[in-house]
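Fold and geometry: a report
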Amino acid sequence: MNLKDLSVLDDENYRPKEECGIFGIYGSPHASNLTYLGLYSLQHRGQESAGIASSDGEHIYRYAGMGEVNDVFNQEHIDNLPGCMAIGHNRYSTTGSSYLRNAQPFRATSVLGPIVLSHNGNLTNAGTVRHELEAKGHIFQTTIDSEVIVHLMARSGKEDIMDALVFSLIQIKGAYSLLVMNRDRLFAVRDPHGFRPLSLGKLEDSWVVASETCAFDIIGATYERDVKPGELIEITAAGIRSFFPFEKQDESLCIFEYIYFSRPDSRIFGESVYDMRIKLGRMLAKQSPVEADIVVPIPDSSNCAALGYSKESGIPFELAMIRSHYIGRTFIEPSQKIRDLGVKLKFNVVASVVKDKRVVVVDDSIMRGTTMRKIIKMFRNAGAKEVHVRISAPPTKFPCYYGIDIPTHSELIAATHTIDEIRKYLRVDSISYMTIDTLIEAVDIPTQKFCTACFDGYYPCQLEDLEGCEENLKFQFDEGNGKYY
């Protein structure tokens, strides 16, 4: 693919796509209401579908729909989800199409009774496991990778649901932060590598589990600790019990949680996301200084990194790019000319701030480069004298198989072009990415190790289904459109 070809690719892929958000609570008469609020605060992690399942100790109730939390649920839906225990899910699809039948929590009934599951992550051997199960007569109802977990539980031969869950997960590889619920027990599990975050909190006498701690803040819960890599927590009326039933693996926390995904007001992997992004910006300024008049973030996820760059460099911070929060997808427009207006619908430059200025534009990532090129043109049209791009992450060169929807290798501009070629394509005076060494130095948590596979191609978890595959396997189980299921 040449640079000219990149200009017609979909603007929606200018950032890595979100993953999923999960939330669970045990021991509250308002479980479904609180789960709704928790999902609302985790909306940034997925906007394709939302769902809640609850239990009153005898029956499990479930409701899910397509769209954002606010669109899916009304008070009647919440009132029809009774009980003191509930789990919820916001979905951005990383395996399986964005259809109603793939909305979570996923529910199944087996010899173990009803089982409900919410999953954040991606299973790297789901294809192998699924094909083996299908050969033995298993019938799958969805195209999500998570469904294999329930099938393995059902055929485990175990009478206790926790034993069945452990039996299943021992056969699973990849990334999972998982909530599993039956009529009277709630389980929270994190894969042995710890790819995706999962936190444990307390609200009076209730236990709460969520992808990010911002979900605790909205309901007034207190953060207790992270669920540890490889830990399985059982929550019942008797309290919580912790188990480590899986073979220990090297820790591989997703570094993109700090760079982009998580909300700045969350604590991830035990650290403040806001503080970490400020530090990333400071380190970027030390590594890649430039003489300029103002520092401008690409809102909103780059605000903290740009502020850190400003603090370290002494160059004034300006919110010279404004983002609209009310614009939907633009790729459905009927012509390329209209589609090209998509960036202007989302962003606008404050011309009076940038005119005749040397501008440092700070962003957290560049995927295909098409949107950044259009943004740079907006700065030029607004009268910027110079434009310098600084990225608070290394060049993204490889796809992610652990729960982030990053474009394929051939579509990533940094995988197919040199830094100087990218500079010329963007038409900027200079561009610099944070190096992997600087990134690790910035994070600087001696007790933790991070996954940097999307930067260096080192995948810490076996990819047995994906060897030699250059394609995005998001739709590997889909046949036809399936849109009405």
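A few points on the structure. (Residues numbered from 1 in each chain as written. Predicted model: local features only at pLDDT ≥ 70, side-chain atom pairs only at ≥ 80, totals over all residues. Heavy atoms only, no water.)

Topic: the overall build of the protein chain
This is how it is decided: For the purposes of this entry, the term helix denotes a DSSP run of H or I that reaches at least four residues, the term strand denotes a run of E that reaches at least two, and both are numbered from the N terminus. Only heavy atoms enter the contact rule, under which two residues are in contact if any of them lie within 4.5 Å. Residue burial considers only the protein chains on display, and all accessible areas are found by Shrake-Rupley using a 1.4 Å probe.
When you go through the protein chain residue by residue, the secondary structure sums to 19 helices and 23 strands. Across the protein chain, every contact between residues at least 6 apart in sequence was considered, and the portion connecting residues at least 24 apart equals 71%. Accessible surface, the protein chain as shown: approximately 19,700 Å² in total, 49% of it carbon and sulfur.

A look at a nonpolar patch on the surface
Where we set the bar: Patch membership needs two things, relative accessible area over 30% and no salt bridge, and members are linked within 9 Å if like-charged or within 5 Å if nonpolar (Val, Leu, Ile, Met, Phe, Trp, Tyr). One speaks of a salt bridge when a side-chain nitrogen belonging to Lys or Arg is within 4 Å of a carboxyl oxygen belonging to Asp or Glu.
On the surface, a cluster of nonpolar side chains totalling about 250 Å² of accessible area is made up of Leu 37, Tyr 40 and Ile 218. With respect to the helices and strands, the residue Ile 218 is situated in helix α8 (residues 214–219).

Concerning the sheet that holds strand β17 (residues 294–297)
Defined as follows: Criterion used throughout: strands pair if DSSP finds at least two bridges between them. Only the stretch in contact is used when a helix axis is fitted, and all axes are lines through C-alpha atoms; the angle between N-to-C directions ranges over 0 to 180 degrees.
Pairing in this open sheet of four strands is parallel, and the strands run β17-β20-β21-β22 from one edge to the other. Of all the strands in the sheet, just β17 and β22 (430–433) have a single pairing partner and so form its edges. Between one strand and the next, the sheet's axes are offset by a mean angle of 20°, whatever the strand orientation. As defined by bridge partners, strand β20 (residues 358–363) adjoins strand β21 (residues 386–391) across six bridges and the pair is classed as parallel. Among the inter-strand pairings, Asp 363 is bridged to a residue of β21, identified as Ile 391. Where helix α15 (residues 370–381) meets the sheet, it contacts β17, β20 and β21, and its direction lies at approximately 145° from that of β21.

A look at the side chain of Glu 234
Keep this limit in mind: For this analysis, a polar contact is any N or O atom pair within 3.5 Å, provided that within protein one partner can donate a hydrogen and the other can accept it, and provided that sequence-adjacent residues contribute only side-chain to side-chain pairs.
Examined against the element boundaries, Glu 234 turns out to sit in strand β12 (residues 232–236). At 2.7 Å, the side chain of Glu 234 and the side chain of Arg 185 are in polar contact. Look past the residues within four positions of Glu 234 in its chain and what remains in contact with it is Met 162, Arg 185, Leu 186, Phe 187, Gly 239, Ile 240, Arg 241 and Phe 243.

Section: empty space enclosed by the protein
As a reminder of what qualifies: Definitions used throughout: a 1 Å grid over protein atoms alone; a cavity as a set of points that fits a 1.4 Å probe which cannot get out; a pocket as an open set with protein on both sides within 12 Å along at least five of seven lines; a lining residue as one with an atom within 4 Å of a point. Grid points are joined across faces, edges and corners, and a volume is the space filled by probe spheres set on the points. Put simply, Ala, Val, Leu, Ile, Met, Phe, Trp, Tyr, Cys and Pro go in the nonpolar bin, Asp, Glu, Lys and Arg in the charged bin, and everything else, Gly too, in the polar bin.
Counted under the stated rule, the structure contains four cavities of 30 Å³ or more. Quantified by volume, the second largest cavity comes out at close to 90 Å³. Along the wall of the second largest cavity there are 14 residues; nearest its centre are Cys 254, Cys 400, Tyr 402, Cys 451 and Cys 454. When the residues that make up the lining of the second largest cavity are grouped by side-chain class, the tally is 13 nonpolar, no polar and one charged.

Describing the environment of Val 69
This is how it is decided: The classification of residues rests on relative accessible area computed with a 1.4 Å probe and restricted to protein chains. Under 20% of the type maximum is buried, over 50% is exposed, and intermediate values are partly exposed.
Mapped onto the elements, Val 69 comes out in helix α3 (residues 69–72). Classification of Val 69 as buried rests on a relative accessible area of 0%.

A word on the pairing of strand β13 (residues 239–243)
The side chains of a regular strand alternate between the sheet's two faces. Of the strand pairs in this sheet, β12 and β13 are connected by five bridges, and their pairing is antiparallel. What sits directly across from Leu 232, in β13, is Phe 243. Counting the residues between successive antiparallel strands, the hairpin from β12 to β13 contains two residues.

A short note on the state of the cysteines
For clarity, the cut-off: In this description, the term disulfide denotes a pair of cysteine sulfurs within 2.5 Å.
Scanning the entire structure with this criterion turns up zero disulfides. Here Cys 254 stays free of any disulfide, with the sulfur of Cys 400 as its closest cysteine sulfur at 6.2 Å. In this structure Cys 254 comes out as buried when scored by relative accessible area, which is 8%.

Some remarks on the packing of aromatic side chains
Put simply, the test is: Put simply, two rings from Phe, Tyr or Trp (the six-membered ring, in Trp's case) pair if the centres are within 6.5 Å, and we call them stacked under 30 degrees between planes, edge-to-face over 60, tilted for the rest. Throughout this description, the term charge over a ring refers to an Arg CZ or Lys NZ atom that lies within 6 Å of the ring centre and within 35 degrees of the ring normal.
Counted under the stated rule, the structure contains twelve aromatic pairs. Relative to Tyr 459, the ring of Tyr 402 lies with its centre 6.3 Å away and its plane at 65°, an arrangement referred to as edge-to-face. Separated by 57 residues along the polypeptide, Tyr 402 in the loop between β21 and α16 (413–416) and Tyr 459 in the segment after α19 (453–456) bring together distant segments of the chain. Taken together through their ring pairs, the aromatic side chains of Tyr 36, Tyr 40, Tyr 63 and Phe 73 make up a single cluster. Over the face of the ring belonging to Phe 140 we find Arg 130, whose NZ or CZ atom lies 4.3 Å from the ring centre.

Concerning helix α2 (residues 31–41)
Counted residue by residue, α2 has eight buried out of eleven residues, so it is predominantly covered. When α2 is considered as a whole, its buried residues turn out to be Ala 31, Ser 32, Leu 34, Thr 35, Tyr 36, Gly 38, Leu 39 and Ser 41.

So, the side chain of Asn 182
For Asn 182, the position within the fold is in the loop between β7 (174–181) and β8 (186–190). There is a polar contact of 3.1 Å between the side chain of Asn 182 and the backbone nitrogen of Asp 184. At a separation of 2.8 Å, a polar atom in the side chain of Asn 182 contacts the main-chain amide nitrogen of Arg 185. If near-sequence neighbours (up to four positions away) are discounted, Asn 182 is found in contact with Ser 55, Ile 60, Met 85, Pro 114 and Ile 161.

A look at the packing of helix α10 (residues 273–287) against helix α18 (residues 436–443)
Heads up, the condition is: By definition in this entry, angles of less than 35 degrees are roughly parallel, angles greater than 145 are roughly antiparallel, angles of 65 to 115 are roughly perpendicular, and the rest are oblique. Handedness of a helix crossing follows the sense of rotation of the near helix relative to the far helix, less than a right angle counterclockwise being left-handed and clockwise being right-handed.
Across the interface, α10 lies against α18 with an axial gap of 9 Å and an inter-helix angle of 140°. Relative to α18, α10 is oriented oblique. The handedness of the crossing between α10 and α18 is right-handed. On the side of α10, the interface is formed by Met 276, Lys 279, Leu 280, Met 283 and Gln 287, while α18 contributes Thr 438, Leu 439, Glu 441, Ala 442 and Val 443.

Points about unusual backbone geometry
For the peptide bond that leads from Gln 104 to Pro 105, omega is 5°, which places it in the cis range. Inspection of the secondary structure puts Pro 105 in the loop between β4 (85–91) and β5 (106–110). In this structure, Phe 269 is a non-glycine residue whose phi angle is positive, near 55°. Within the fold, Phe 269 resides in the loop between β15 (267–268) and β16 (271–272). At Asp 444, a position not held by glycine, the phi torsion is positive, near 45°. Residue classification places Asp 444 among the partly exposed residues on the basis of a relative accessible area of 47%.

Focus on the pattern of salt bridges
For the coordinates displayed, the defined rule picks out 17 salt bridges. Linking Asp 265 and Arg 263 is a salt bridge whose minimum nitrogen-to-oxygen distance equals 2.6 Å. The class of Arg 263 is partly exposed, set by a relative accessible area of 28%. Salt bridges here are not isolated pairs; linked through shared partners, they connect Arg 45, Arg 196, Glu 212 and Glu 257.

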